[in-house]
Structures are given as C-alpha cells and as structure tokens.
Amino acid sequence: MCLGKVKIRFKCLIILVIYLCVQEVDLQTTQNINVLYVNEVGNDIAAKAVDVAVNYVKKNPNLGLSVEVMSVEGNRSDSKGLLESLCSMYSRSLVMNQPPHVILDTTITGVASETVKSVSSALGIPTVSGSFGQEGDLRQWRDLNDKKKNYLLQIMPPADLIPEVIRGIIINQNITSAAILYDPYFVMDHKYKALLQNIPTRHVITAINVEQRAEQIEKLRNLDINNFFVLGGLTSIKEVLESAKKEYFDRNFAWHAITQQRGDLTANLDNATIMFLRPIPDSKAKDRLGVMKTTYNLKQEPEITSAFYFDMALRTFLAVREMLQVGAWPMDIKYLNCDNYDGTNTPDHTIDLKSYFVGVSEPTTYGSFEFNSRPALPFNGYSYMKFDMDINAVSIRGGASVNTKNLGFWTSGLDATISIKNQEDMKNLTADVVYRIYTVVQPPFIIRDEKSPKGYKGYCIDLIEEIAKIVKFDYTIKEVEDGKFGNMDEKGEWNGIVRKLIDKQADIGLGSMSVMAERETVIDFTVPYYDLVGITIMMQLPSTPSSLFKFLTVLETNVWLCILAAYFFTSFLMWVFDRWSPYSYQNNREKYKDDDEKREFNIKECLWFCMTSLTPQGGGEAPKNLSGRLVAATWWLFGFIIIASYTANLAAFLTVSRLDTPVESLDDLAKQYKILYAPLNGSSAMTYFQRMADIEGKFYEIWKDMSLNDSLTPVERSKLAVWDYPVSDKYTKMWQAMQEAGLPNSLEEAVGRVRNSTTATGFAFLGDATDIRYLVLTNCDLQIVGEEFSRKPYAIAVQQGSPLKDQFNNAILMLLNKRQLEKLKEKWWKNDDVQSTCEKPEDQSDGISIQNIGGVFIVIFVGIGMACVTLIFEYWWYKYRKNPKIIDVSEAPVTQMGGGKHHDLPQAGKLGDLGGLIKFDGKGSSNNTALRTRNTQQFAGSTFKARF
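Residue positions are counted from 1 within each chain, in the order its sequence is given. Local features in this predicted model are restricted to residues of pLDDT 70 or higher, and side-chain atom pairs are both shown and tallied only at a pLDDT of 80 or more, whereas totals for entire chains, interfaces and linings draw on every residue. As a rule here, side-chain values cover all heavy atoms of the structure and leave hydrogens and water aside.

## Some thoughts on the overall build of the chain
Link 1 in the chain: Scanning the chain from N- to C-terminus turns up 29 helices and 28 strands.
Link 2 in the chain: Buried residues in the chain amount to 43% of all 948 residues.
Link 3 in the chain: The contact definition used throughout considers only heavy atoms, calling two residues in contact when any of these lie within 4.5 Å. Looking at the chain alone, contacts between residues at least 24 apart form 71% of all its contacts between residues at least 6 apart.
Link 4 in the chain: To be clear on the numbers: accessible area is Shrake-Rupley with a 1.4 Å probe, and residue cover counts the displayed protein chains and nothing else. As displayed, the chain offers around 51100 Å² of accessible surface, 54% of which is attributable to carbon and sulfur atoms. Only DSSP runs of H or I covering at least 4 residues are called helices, and only runs of E covering at least 2 are called strands; the numbering of each starts at the N terminus. Burial status follows relative accessibility: with a 1.4 Å probe on protein chains alone, a residue under 20% of its type maximum counts as buried, one over 50% as exposed, and anything between as partly exposed.

See the structure below:
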C-alpha cells in the first residue's frame, strides 16, 4: 500500500520537475515589449486587429513574449492634437521608465500619418508603419540616412496596393479614358499622378459623391469617359451602379467593380455585365485564417485588411523579441523627449529592425509579405503583403446575378500585369472605343442615306471610315440641332458643332468645316483633309430658248407677211405685164420663135420665177418685155436686200442668245443692283463679309480721326486731303445689300431663291465653292460665276487638347501618301451616281445646234412629202382621166377613121369668127379634139397659126 503510494508520488514528482523545467525555460525566454500604438480616428479595423495580435500573444506563451501597449489616437486633420497626445504619452513612458521599444503606426494618410513619421524620425524611435503611399509620398521619411532606414519601416496595406490592378487592366485592354471612383475604404490622394503615370490614358480620380452620384456620373460622361472603375465596399459599388443611366451599360461602356470584401456583386440592373475583382486568401493561409476568425475573433471586414494589420503587428512584436533575445537591441539606448528636441540632436541609434522584421518565420494569416531586396530600390514604399485577386465577369439580368465567369487573376504588386485565361473573353468586357460625331448635312460631304449603316454617306463618311480602320474606333453620328458649324456671337458664345465640342458633348466635328482663327482658340483642328476652298457665286443658268424653226424668228411675223404679200403682188404684176405688153413672148411669138429659150409668163410661171429668183439658182429666163424686166429687176433688188438682212440678222440673233451673263466676278456683283445676293445665314461666308465690312468701317474711322484731328498742321492736313476715300467701302455696301436681300437659313432655301430668279428679280448665292460645285454638278439649271476668294482649308474638329488630334493627323497623312483622298474626290465629284447628265451649254465657239436649225430639214421633208402627194395625184389623173390631145389644126386634117374619107377643115381666119369652141370627132363630130380660138383681128396681114 505504502509502496504504491511512493510510486505515485514519485511519478508526480517527475512530472512536477519536468513542468518546472519547462516553465523555467519559458520564464527565461519571455521578453517584455513596450509598444506605443498610434492610430487615427475611424480606423477601427486596425485597432481591433492589434488587439487580436496582443491577445494572440497572451494565449500563446510559447512565443516567449509579453506585450504592453500604450495607445494614442488622433484625428487625420488635427496635427497639433495628435502631436501633443503622442509627446505626452511618450514622456509619460519615459518617466515611468518604460520607454517604448517600437512605435506601431496604423495611421492611414494625411497630417496624422506625417506627424507620427516626424516624431519617430526626430526622436529616433524605431517604427513600423502601415500607412498608405510609396517612398516619395512619406514626406517626413524621404531623406532618411542609412541608420534610420534600418528602423523606420513602412509596409503598404492592401487597400493601397489594390488600385494598382487598374493600371494592369488599362494596359491590357488599351483603355484611353477612365474614371476612377472610390469610397472611404480607399485613399487615392497620393495616386493622382503615380497610378497611371506614363500611360496615355485620360483619367479622372474622384471620391464617390454620396448625395449626387447620378449627377457625378453624368459629369464624368460629359468628359468623354466611357470606362468606369469603382473602388469600394460592395454597398458603395451597388449604389454607384444603380445610379448610372441604363444606356451607360451599352457596348461602348465598361464597368469595373473592385473591392476588398468577400461577398458577391449585386445590383438592381436590367442588363449589365460587370468586371468584378475581389481578393482571395493564400491557399496555405486559409486554415490559419479560419482559426483566427473562430478562436481569436478576427472578424472585422474587410478580412484582408484585418489580417494585414494583425500580421504586421505580430511580426513587429516577434522581431523585437528576437532582437532582445539575441542581444541585437542596444542596452544603452538614448531616449529624447519632445521638449528636449532642438532639431539637431536626434539620437544616433544602430538598430537593425529591418533585418529581424524580414526574418520572422511566423506564418501569415492571409498572404505572405513581399519585401524589397533590390539595392537600387528602398524598403519603404516597395514592401507589401502579397495576395491574389480573382477577375470575374458578372452578368446581371433583371436585378439578379445570373452568371459569373472567372477570367483570370491579378497578383498584387507594383506594375504587376493581369493574367487572363482567354483574351477573347476580355474583349466582351472592353468598352468599344465609340466617339460621338456631330455634323451638318451638306452634299457630297455628308448625305442622309437610310440604307447606309450609320444613316449617312458621303466624302466625309468615307474619310472617317478610313481613319477608323487606322486608329481603331467606332462612332455614332448625329446632326447638330441648329445646323451650324459654329459661329461666335457678340457675347463670345458659340453655337453649332463648336458649342458641342466645347461642352464635351461631341468628340469629333465632321463635315465641310473651315479652319478659322477664332475657332482654333476654343477647339483643335487636324491637318487639312481637303484643298483650300473659297467662296464663289452661284446663279441660275440662263435658259436659251431653242426652236426647230428658230430661223423664222429672226424676222417678225408682220415682216414675213409683208414679204409674202410682196411675193404674190410681184408675181401678179409680172403676169399682168406679160399679158398686156405687146413685146412679151406670148404676144409676139413669131419674133422670138428662133430663140433658144421661150417662156410664157402665165400665173404659174410668174410665181415660180419670183420664188426661184430668191435662191442662188436664179429665176431662169427673164421676161422679153421691158416692163416685165423692170419688175423682175425690182424683185431681184428686193430679194437681195431681204436675204442679206436675213443672213446678217440670223447670225447676230444666234450670237446674242449665247452671250455670257452680265455678272462675271464679285466686283460685277457689287456694282449692280438688279440682282440680289446673300450668303447662308451663320455660314463662314457670312462671317467673311460681315467682318470685312467691320474692318472697312474701323479703317474709315481711323482715317476720319486722322483727317479731322485739330492738332494737325495745315501741311499735314493737306497731305490727308483727297477727293476719294482712301478706304474702300465695297464690302460695307455689299453687307448692307445682303441684309436687305435677306440671308437664307438653309441651302435648300438658297437654291430655291436662285431657281425662282427672273430677269426682273434675280438672286445670286454666295457660299463655299465645294457646295456650289456639287449643286451645279447635280442640277442642270445652276452655274458657277467668277473665281473663288477667301480660300480656307477643310479639317476635322476635335476637342481642345484631345489626343485624337495627333492620331487623326497621322491617319490623314497616311491616307494622303496613299492617294486615298484623291480617290475619294474622284468618287464623289466625278463618278457620283446622282450627277446629272446635262446638255453642254452653248458658247460662242460652238456652231448652231440642231435644235435651232433643224426646221430647215423639216421644210425639206415637207416639200418632199408634198411632191410625193402631187406625184400620186398626177399619176391618178393620168391613169383614170382621159388625157386630151393638143394638135395644130393647120397641119392636122381630120380623117374619118371609120370610112377612110378625108374632110378639109375650115380656114383659120373663118374659125376665128366663130368666137367659140368647136369640137370634132374622128367622123367629123365635135367630141374628141379641143379647139381654142384666138382673135386674129389684131394681127391683120400676119400669118398667124392658131394653136391647139
């Protein structure tokens, strides 16, 4: 019994000895550490994490560590209050002979953080800081000597490193514009310049305006931004997404939600796909993180931030413990309070806290620490906790997440790139580069066409398409509401496309837009894409009336009637004279019986003679009697004068009808008052005339002030005395005439006024030469008058300072070198489908057209037709009517055909007494042969033969 008790006591004694040995070892290795903990108001996550770290040390005595924490909390913007609290706590620790081994700094940024850095650097207190920023952002630690660099350490927190993923996304997707919104979980003050440095991306970094989120997004969109990055908690991201307009989730927009929290993305959106990024713990640290959350209550969100502060605090405690255990911590360290510091007496410590901090082997809770080991780069600003972020594409339909697809991941780091599984998936999440184009419809540069993909076609559409292939972008095109390219009023306000570019409502101004000096003060222009284009005059093309019988219009109708009357009257006179003249052929046949040409001037022959006398063929045999010849000669003289006058007047008539318009230049237009003229209201042509008139007025006022100056001597005044004003008032009068005529408000109105011009009220339109040239090309009733003046190039307008200027310049020069612009001109000015096929206008070098002389051919055809009809009639008459035979009765006896008897006819003289007509047939009857008697009493004593 006693022996058993002895054995039990012996075992207990052994156990006790072992326990005491272990405790002795622990007591010998346990180190007491004094920590001055400085935090800022609102950073409760850090405060809770430090408490968990202290609690972890207490619950794990095997760490051989005892931590005594002295806490100071200050406001981010109250530097003085924090300094007083910090110095008071530090002085109290010195009085209590418990100086802090290290300052644990979890201030985020601002004056609070700089105050802690200033105190630690000035008093030489080892410090481990979790503040935001890189080396240059820690102003009080910028110029540390080598000794201070070993004990003044900064580790970048995850919230300071997560925004770097934006840089990787922008580089990967070649984003040219971005808006970065953030909530209080992130601090971006020091990121404005560094985040996207050396990347050609226009960007805006701004805090989320909780009260006016929708207005804030709208303003960012007006800055031509279509890529949005939202940094914040899940609640902030949800509110921002729901504040955006529905159209801001179209294909030309991209949204990126980046958070530190663990949850899923939710938002009440109808149809949107969001790129969602969130951190994930290291697979090796998941078990430890679970233990910390369940056992030590490390549950503050975001968990990555809680884990960071916990690991940083624990690593600081363990590093100091290690230094104390191995004797690396100096025993004779000198402490200086705030009151004794004079700016030059900073204690000179040799404390290699950095080496022991880096060498801590304690496992991390979320991700491992990445310390800079490159000699060329400092430790501060390049050391951080390493972690990964998942990149997911979240599809939201009807307010619910219907699909989440993993795209890749990003490993934290400075200038770290993103890793994508399939680059094609990223293209669907990339905002298409879609520029907003405003234009003014002016053929052939811009033409409405519903069948075209963009609803428009023309020279400029083809041009922007070629540029888009080079620069890689898409566009939307709209017409500016007021239909103006842009003019400045007296108040300095702009309208039209220029206004849209100034207000950032348009990215590109496209069309036949002239480069003007005043426009270049508010917007930028690319290199010209079209040659110098001036102002010219458009008028109605004079319509020359054409007629097939225009040769008949040379003489008036009454003249033709008089000529016709003279023709018939002269023919009648010739017949009368030839009938009653005793010397005419028909009254004196024996005398002229031996002549070769014998012509009896009856009515038919007289008409024929007078007609042929007017032709180069001549009238033929003239009358034998003198009176008849006088009539013929008179008719010849009359015909010669008429034909000469007709020929001369025909040539003059056709020439006058083809004379040029009376206006051939701007000066001609200014000198006359019959034709009204005006440019398009609000056009560059209007601005030109208005300003030229203003300049003339100003120069006139200057000259008037000079000439009326009372201080001038008589000699000087005489030098200014001129009869004419030395300053022209040409444009002043023209501008006044334009205002009186009324400026058309549209090109259609101007063309209508030109077409409605009459000889009494003409109208000339002054406009860009290209517009007028195209109108003339497509309309046969318009013409260009005069030469161009005030020539200016056409160019594409962009916002002032826009990177598109340089990109478009390079593209246009490439197209110019490839002669692509020349091909576009050929297409829209020479091979245009709507080009009208107009008749070539007659000029003085052209001959008489068929339209004016074709009537003579009709006369030929009519004459031939009448001759054909006459021939048919003659043939019919000869065929179907018995043709009488005409014989000489003095030579032809009448024979009785039936009985063969011959009967002698009566003598001619006796037959003449019959005074009538006697007909005989073959048997002596009066049926077949016609006998026409002549009175022979007048020709007594002559041998007259009556003719049948």
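Now that the structure has been shown, the text picks up again.
## A look at the packing of helix 20 (residues 684-707) against helix 22 (residues 730-741)
Link 1 in the chain: Axis geometry follows a simple rule: fit a line to the C-alpha atoms, using only the stretch in contact for helices, then measure angles between N-to-C directions, giving values from 0 to 180 degrees. Packing of helix 20 against helix 22 leaves a shortest axis separation of 8 Å and a crossing angle of 130°. Classified by the angle their axes make, helix 20 and helix 22 are oblique. Considering the relative orientation of helix 20 and helix 22, their crossing is left-handed. Together, Met-686, Tyr-688, Phe-689, Gln-690, Met-692, Ala-693 and Glu-696 of helix 20 and Lys-730, Tyr-731, Thr-732, Met-734, Trp-735 and Met-738 of helix 22 make up the contact between the two elements. Any angle that is under 35 degrees is reported as roughly parallel, and any over 145 degrees as roughly antiparallel; angles of 65 to 115 degrees are reported as roughly perpendicular and all others as oblique. Should the near helix be turned anticlockwise from the far one by less than a right angle, the crossing is termed left-handed; should it be turned clockwise, right-handed.

## A short note on a nonpolar patch on the surface
Link 1 in the chain: There is a patch of nonpolar side chains on the surface, built from Ile-695, Phe-699, Ile-702 and Met-706 and spanning about 370 Å² of accessible area.
Link 2 in the chain: With respect to the helices and strands, the residue Ile-702 is situated in helix 20.
Link 3 in the chain: Here Ile-702 falls in the partly exposed class, since its relative accessible area comes to 46%. Patch definition: residues with relative accessible area over 30% and no salt bridge; like charges joined within 9 Å; nonpolar side chains (Val, Leu, Ile, Met, Phe, Trp, Tyr) joined within 5 Å. Salt bridges are identified by distance alone: a Lys or Arg side-chain nitrogen within 4 Å of an Asp or Glu carboxyl oxygen.

## Re the confidence of the model for the chain
Link 1 in the chain: pLDDT expresses, on a scale from 0 to 100, how confident the predictor is about each individual residue. Taken over all residues, the pLDDT of the chain has a mean of 81, while the share at 70 or more is 84%.
Link 2 in the chain: Low pLDDT (under 50) marks residues 16-28, which in the prediction has zero contacts with non-local residues, meaning those over four places away or in another chain.

## So, the packing of aromatic side chains
Link 1 in the chain: Stacked, edge-to-face and tilted labels apply to pairs of Phe, Tyr and Trp rings (six-membered ring for Trp) whose centres lie within 6.5 Å, assigned for plane angles under 30 degrees, over 60, and everything in between, in that order. Taken as a whole and judged by the stated rule, the model has 37 aromatic pairs.
Link 2 in the chain: When the centroid spacing of 5.9 Å and the interplanar angle of 70° are considered together, the rings of Trp-560 and Tyr-646 count as edge-to-face. Of this pair, Trp-560 sits in helix 16 (residues 557-580) while Tyr-646 sits in helix 18 (residues 626-656), and the two are 86 residues apart along the sequence.
Link 3 in the chain: Their ring planes at 80° and their centres at 5.7 Å tell us that Phe-601 and Phe-609 sit as a pair that is edge-to-face.
Link 4 in the chain: Assessed through its relative accessible area of 1%, Phe-601 is described here as buried.

## Quick look at the sheet that holds strand 9 (residues 254-258)
Link 1 in the chain: Only strands joined by at least two bridges in the DSSP assignment are considered to pair. The strand order 7-6-8-9-10-13-14-15 describes an open sheet built from eight strands, whose pairing is mixed. The strands lining the two open edges of the sheet, one partner per strand, are strand 7 (202-207) and strand 15 (418-420). Ignoring strand direction, the axes of neighbouring strands in this sheet form an average angle of 25°.
Link 2 in the chain: Against the sheet, helix 9 (residues 234-243) contacts strand 6 (177-182), strand 8 (227-231), strand 9 and strand 10 (271-280), and its axis sits at roughly 165° relative to strand 9.

## Observations regarding the sheet that holds strand 26 (residues 797-799)
Link 1 in the chain: Strand order in the open sheet formed by five strands is 19-16-20-26-21, with mixed pairing between adjacent strands. Of all the strands in the sheet, just strand 19 (474-479) and strand 21 (523-525) have a single pairing partner and so form its edges. Each adjacent strand pair in this sheet contributes to an overall mean axis angle of 30°, direction not counted.
Link 2 in the chain: Bridge count between strand 16 (residues 434-439) and strand 19: six bridges; the pairing is parallel. The residue bridging Tyr-438 from the neighbouring strand is Lys-478, located in strand 19.
Link 3 in the chain: Strands in contact with helix 14 (residues 459-471) are strand 16, strand 19 and strand 20 (508-510); relative to strand 19, the strand with the most contacts, it is inclined by about 160°.

## Re the nonpolar core
Link 1 in the chain: We call a set of buried Ala, Val, Leu, Ile, Met, Phe, Trp, Tyr and Cys residues a nonpolar core when their side-chain atoms join them within 4.5 Å. Core analysis: the largest hydrophobic core is formed by 90 residues, its most contacted members being Phe-229, Leu-231, Ile-258, Phe-310, Phe-317, Leu-353 and Phe-387.
Link 2 in the chain: Top element by residues in this core is helix 11 (residues 303-326). It accounts for 13 residues.
Link 3 in the chain: If sequence neighbours within four positions are ignored, Leu-353 has contacts with Val-102, Pro-126, Val-128, Asn-150, Tyr-151, Leu-153, Ala-319, Val-320 and Met-323.
Link 4 in the chain: Counting 36 residues, the second largest nonpolar core, distinct from the first, contains Ile-461, Ala-468, Ile-812 and Leu-824.

## Looking at helix 11
Link 1 in the chain: Compared with the 34 Å implied by 1.5 Å per residue over 24 residues, the 34 Å span of helix 11 between its first and last C-alpha is a close match.
Link 2 in the chain: Counting buried residues along helix 11, 20 of its 24 residues qualify, which places the element largely inside the surrounding structure.
Link 3 in the chain: Directly after helix 11, the chain includes Gly-327, whose backbone phi takes a positive value near 80°. Multiplying 1.5 Å by the residue count of a helix minus one yields the expected span of that helix.

## A look at the state of the cysteines
Link 1 in the chain: Two cysteine sulfur atoms form a disulfide, by the criterion used here, when they sit within 2.5 Å. Enumeration over the complete set of coordinates arrives at one disulfide.
Link 2 in the chain: Bridging Cys-87 to Cys-338, the disulfide has an S-S length of 2.1 Å. Across the disulfide from Cys-87 to Cys-338, rotation about the S-S bond amounts to roughly -85°, and the bridge is consequently left-handed. Of this pair, Cys-87 sits in helix 3 (residues 79-95) while Cys-338 is found in the loop between helix 11 and helix 12 (353-358), placing the two residues 251 residues apart along the sequence.
Link 3 in the chain: Considering cysteine sulfurs only, Cys-610 is the nearest to Cys-606, which forms no disulfide, with 6.7 Å between them.
Link 4 in the chain: Judged by relative accessible area, which is 0%, Cys-606 ranks as buried.

## Describing the pairing of strand 22 (residues 530-540)
Link 1 in the chain: Among the eleven residues of strand 22, eight are classified as buried, and the element is accordingly described as predominantly covered.
Link 2 in the chain: Pairing between strand 22 and strand 25 (residues 782-794): seven bridges, direction antiparallel. For Ile-537, the partnering residue across the bridge sits in strand 25 and is Val-785.

## Quick notes on helix 4 (residues 110-123)
Link 1 in the chain: The terminal C-alpha atoms of helix 4 lie 20 Å apart, and with 14 residues this matches the ideal 20 Å at 1.5 Å per residue to within 8%.
Link 2 in the chain: Most of helix 4 sits out of view: eleven of its 14 residues are buried.
Link 3 in the chain: Among the residues of helix 4, those classed as buried are Ala-112, Ser-113, Glu-114, Thr-115, Val-116, Lys-117, Val-119, Ser-120, Ser-121, Ala-122 and Leu-123.
Link 4 in the chain: As for helix 4, its buried residues are in contact with strand 1 (31-40), helix 3, strand 3 (102-105), strand 4 (127-129), helix 5 (146-149) and strand 5 (152-154).
Link 5 in the chain: Positive backbone phi, approximately 70°, marks Gly-124, located one or two places after helix 4.

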